[in-house]
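# Notes for the structure review
Each chain, written out:
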Amino acid sequence: MADPAGVWGRCGSLAARIAPGIVGGMNLAVIGAGPAGLALALLAAERLPQARIHLFDTRPLDRDVGGDARTLALNLGSIRLLQRLGAWRPDAAQAIQAVHVSQAPPAPVAGEVWLRAAELGVPQLGAVLPYGALVAPLQQRWLALAAAQPARLFTRFATAVHAIRSQAGGVELDCGEGPVVDRFDLAVVAEGGVFAEQERKAIQSDYHQNAWVGTVRLAAPGLQGLAVERFTRNGPLALLPLPDDAQGARAALVWCLPQPEDDIAALDDAQRLVVIQQQLPAVAGRLAGISALKCFPLGLNAETRLLQGRALRIGNAAQTLHPVAGQGLNLGLRDAQALVDALREAAETGASLDAALARIDRQRAPDRWPMIVATDFLARSFAWRLPGLPGLRGLALAGLELATPLKRTIAHRMMFGA
């Protein structure tokens, strides 16, 4: 999608333009019906009862999203948001009860950190589920609300937004549908995509790393709610517990490797199992099988500001991160919640839309930037070949395990953000 300052066009008019600057009865366009976009649309429908909300997506409405098996990791804060929206299906997810982070040998100090839900006083740290099991309930909830309120909730699927142009007091969208221009008070871009396919943003860095993703079979009893993060010499390797199926225990696999030293593509399944097993700690158990793996290039692609005129970006459209911390989607859901909270507050206090939007970058900065900086540092650190670096990483893990207050602070941030 073109930059919000680019040339726009026509979408076909659906609603008359309202008086500029009025938050409560605003005309809102949400571009992208993935998890962040659907959550935003549902939150806005709930908390801004006078707003007219238009949800755009390129995919046709009759396409089945429920079967999409891509794996997502959600933290506890995201789960609570989905519960509030009536779109959480716990039977389709595997709760994460503990996280084990460790350093692979050879290293003078291996180091490990344990995070356990029971010790932190929460029912779970997060959950792992297929993409379709998250998006399908969100979409069903939106369609039900739109059917009940057709005068203000509009579903614009099979409609590509080619460009956005800021206008005085609003925006216009180019959907290529005809000569009539659709104008909105605010457009929120929630259509992120993967790093390799994105237009480059203000802050960009190609890590020259690949993420290999798929699923592995585990010998009984499996991970039983344990998520494993292993810092190998070349990059982080993660196993995320998935619900058992008819064939037994399984887990999602993510392994990040530098492209110049990435030999995974040349290995067969049996060889991949041996290599991965050698890298894992004993708590991960024994691997019994592996699926076909997919490869995705990794990089950082982020905006310095979420807001440009009356167009605002959230989720992967605002910041695409390295998956080392598994926080990209959770950050996007918090973007959506913070935006609607700001709009709701403005509607209640009578503040203008521009005043509400002007605070968004400042309000989101304490959550966004530490996560961007931390994931960028960790991603780059695996490319460094400094003597003693694995040992320092191991010492840091060992020290964190002993520093209980700091460990609890980090765990809380991973579960709920800033």
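Residues numbered from 1 in each chain as written. Predicted model: local features only at pLDDT ≥ 70, side-chain atom pairs only at ≥ 80, totals over all residues. Heavy atoms only, no water.

Per an unreviewed UniProt entry, the chain carries the name 2-octaprenyl-6-methoxyphenyl hydroxylase and comes from Pelomonas aquatica. The record in UniProt for the chain states the following under Pathway (unreviewed entry): "Cofactor biosynthesis; ubiquinone biosynthesis." In its Sequence similarities (unreviewed entry) section, the UniProt entry covering the chain states "Belongs to the UbiH/COQ6 family." (UniProt positions renumbered as here; feature names shortened; annotations may be inferred.)

### Remarks on the overall build of the chain
When its secondary structure is counted, the chain shows 10 helices and 21 strands. The C-alpha extent of the chain, read off along each of the three principal axes, is 65 × 45 × 45 Å. Across the 418 residues of the chain, 52% fall into the buried class. Considering only contacts in the chain between residues 6 or more positions apart, those separated by 24 or more positions represent 76%. Averaging the coordinates of the 40 positive side-chain charges in the chain and doing the same for the 36 negative ones gives two points 4 Å apart. (Helix = DSSP H or I, 4+ residues; strand = E, 2+ residues; numbered from the N terminus. Buried < 20%, exposed > 50% of the residue type's maximum accessible area, 1.4 Å probe, protein only. Contact = heavy atoms within 4.5 Å. Lys, Arg positive; Asp, Glu negative; His and termini not counted. Charge placed at Lys NZ, Arg CZ, Asp CG, Glu CD.)

### Comments concerning the packing of aromatic side chains
The full count for this structure, using the stated rule, is 1 aromatic pair. Note on Phe56 and Phe184: the rings are 6.1 Å apart at their centroids and 80° apart in plane angle, and the pair reads as edge-to-face. Of this pair, Phe56 sits in strand S2 (residues 52-56) while Phe184 sits in strand S11 (residues 182-184), and the two are 128 residues apart along the sequence. Grouping residues by exposure puts Phe56 and Phe184 together as buried. The ring centre of Tyr131 lies 4.2 Å from the NZ or CZ of Arg70, which sits over that ring. Across from the ring centre of Trp369, 5.2 Å away, lies the NZ or CZ of Arg368, which sits over that ring. (Phe/Tyr/Trp six-rings, centres within 6.5 Å; stacked < 30°, edge-to-face > 60°. Lys NZ or Arg CZ within 6 Å of the ring centre and 35° of its normal.)

### Here we look at the packing of helix H1 (residues 35-47) against helix H6 (residues 328-349)
Relative orientation of the contacting elements H1 and H6 amounts to 20°, with a least axis distance of 9 Å. Between H1 and H6, the angle is such that the two are roughly parallel. Seen from above, H1 lies across H6 with right-handed handedness. Contact with H1, carried on its side by Pro35, Ala36, Ala39, Leu40, Leu43, Ala44 and Arg47, involves Leu329, Gly332, Leu333, Ala336, Gln337, Leu339, Val340, Asp341 and Arg344 of H6 and no other residues of that element. (Axes fitted to C-alpha atoms, helices over the stretch in contact; angles between N-to-C directions. Parallel < 35°, antiparallel > 145°, perpendicular 65-115°, else oblique. Left-handed = near helix turned anticlockwise from the far one by under 90°.)

### As for the sheet that holds strand S19 (residues 307-308)
Strand order in the open sheet made by the 6 strands is S8-S2-S1-S12-S20-S19, with mixed pairing throughout. Edge positions in the sheet fall to strand S8 (153-156) and S19, since each of these pairs with one other strand and no more. Bridge analysis of strand S1 (residues 27-31) against strand S12 (residues 186-189) gives 4 bridges, and the strand direction is parallel. Along S12, the bridge assignment pairs Leu28 with Leu186. Along the sheet, helix H4 (residues 131-148) makes contact with S2 and S8, crossing S8 at roughly 125°. (Pairing = 2+ DSSP bridges.)

### Digging into the packing of H1 against H4
A pair of packed helices is captured by two measures, namely the crossing angle of their axes and the spacing between those axes. Where H1 contacts H4, the axes come no closer than 10 Å and their chain directions differ by 30°. In terms of axis orientation, H1 runs roughly parallel to H4. Seen along the crossing, H1 lies across H4 with a hand that is left-handed. When H1 is examined against H4, the residues Pro35, Leu38, Ala41, Leu42 and Ala45 are found in contact with a partner set consisting of Tyr131, Leu134, Val135, Leu138, Gln139, Arg141, Trp142 and Leu145. When the residues that make up the contact of H1 with H4 are grouped by side-chain class, the tally is 11 nonpolar, 1 polar and 1 charged. (Nonpolar A, V, L, I, M, F, W, Y, C, P; charged D, E, K, R; others polar.)

### Points about the layout of surface pockets
As a volume, the second largest pocket reaches approximately 230 Å³. As for the second largest pocket, its lining consists of 15 residues, of which Asn234, Trp255, Leu257, Val275 and Gln279 are closest to the centre. Elements with a minimum of two residues in the lining of the second largest pocket: strand S16 (248-258) and helix H5 (269-279). For the lining of the second largest pocket, the element with the highest residue contribution is H5, accounting for 3 residues. When grouped by side-chain class, the residues that make up the lining of the second largest pocket number 8 nonpolar, 4 polar and 3 charged. (1 Å grid on protein atoms, 1.4 Å probe; cavity = no way out; pocket = protein on both sides within 12 Å on 5 of 7 lines; lining within 4 Å. Points joined across faces, edges and corners; volume = space filled by probe spheres on them.)

### Quick word on a nonpolar patch on the surface
On the surface, a nonpolar cluster with roughly 320 Å² of combined accessible area is contributed by Phe377, Trp384 and Leu386. When you line up the elements, Phe377 lands in helix H8 (residues 360-381). The class for Phe377 is partly exposed, based on a relative accessible area of 48%. (Patch = residues over 30% accessible without salt bridge, like charges linked within 9 Å, V, L, I, M, F, W, Y side chains within 5 Å. Areas by Shrake-Rupley, 256 points an atom, 1.4 Å probe, with all protein chains shown as cover. Salt bridge = Lys/Arg side-chain N within 4 Å of Asp/Glu carboxyl O.)

### A look at the sheet that holds S11
Read from one edge to the other, the open sheet built from 3 strands follows the order S9-S10-S11, with strand pairing classed as antiparallel. Edge strands, defined here as strands with exactly one partner in the open sheet, are strand S9 (163-167) and S11. Taking each pair of neighbouring strands and ignoring which way they run, the sheet shows an average axis angle of 30°. With 5 bridges connecting them, S9 and strand S10 (residues 170-174) associate as antiparallel partners. From the neighbouring strand, Ile164 faces S10, where its bridge partner is Leu173.

### So, H5
Along H5, the residues classified as buried are Arg272, Leu273 and Ile276. Burial along H5 is one-sided: seen end-on, the buried residues are contained in an arc of 100°. Exposed residues on H5 whose side chains face more than 90 degrees from its buried face are Ala270 and Gln278. At its buried positions, H5 is contacted by strand S13 (203-218), strand S15 (236-245), S16 and strand S17 (287-290). Of the residues that open H5, the one with a side-chain oxygen 3.2 Å from the backbone nitrogen of Ala270 is Asp268. (Arc of directions from axis to C-beta. Polar contact = N/O pair within 3.5 Å; in protein donor to acceptor, adjacent residues only side chain to side chain.)

### Some remarks on the nonpolar core
Grouped together as the largest cluster of nonpolar side chains are 61 residues, with contacts concentrated most on Ile53, Leu74, Trp142, Leu312 and Leu343. Discounting chain neighbours no more than four positions away, the residues touching Ile53 are Leu28, Val30, Ala41, Ala44, Ala45, Trp142, Arg152, Leu153 and Phe154. The next biggest cluster of nonpolar side chains, apart from the first, holds 23 residues, and it includes Val228, Leu280, Ile290 and Leu293. (Core = buried A, V, L, I, M, F, W, Y, C linked by side-chain atoms within 4.5 Å.)

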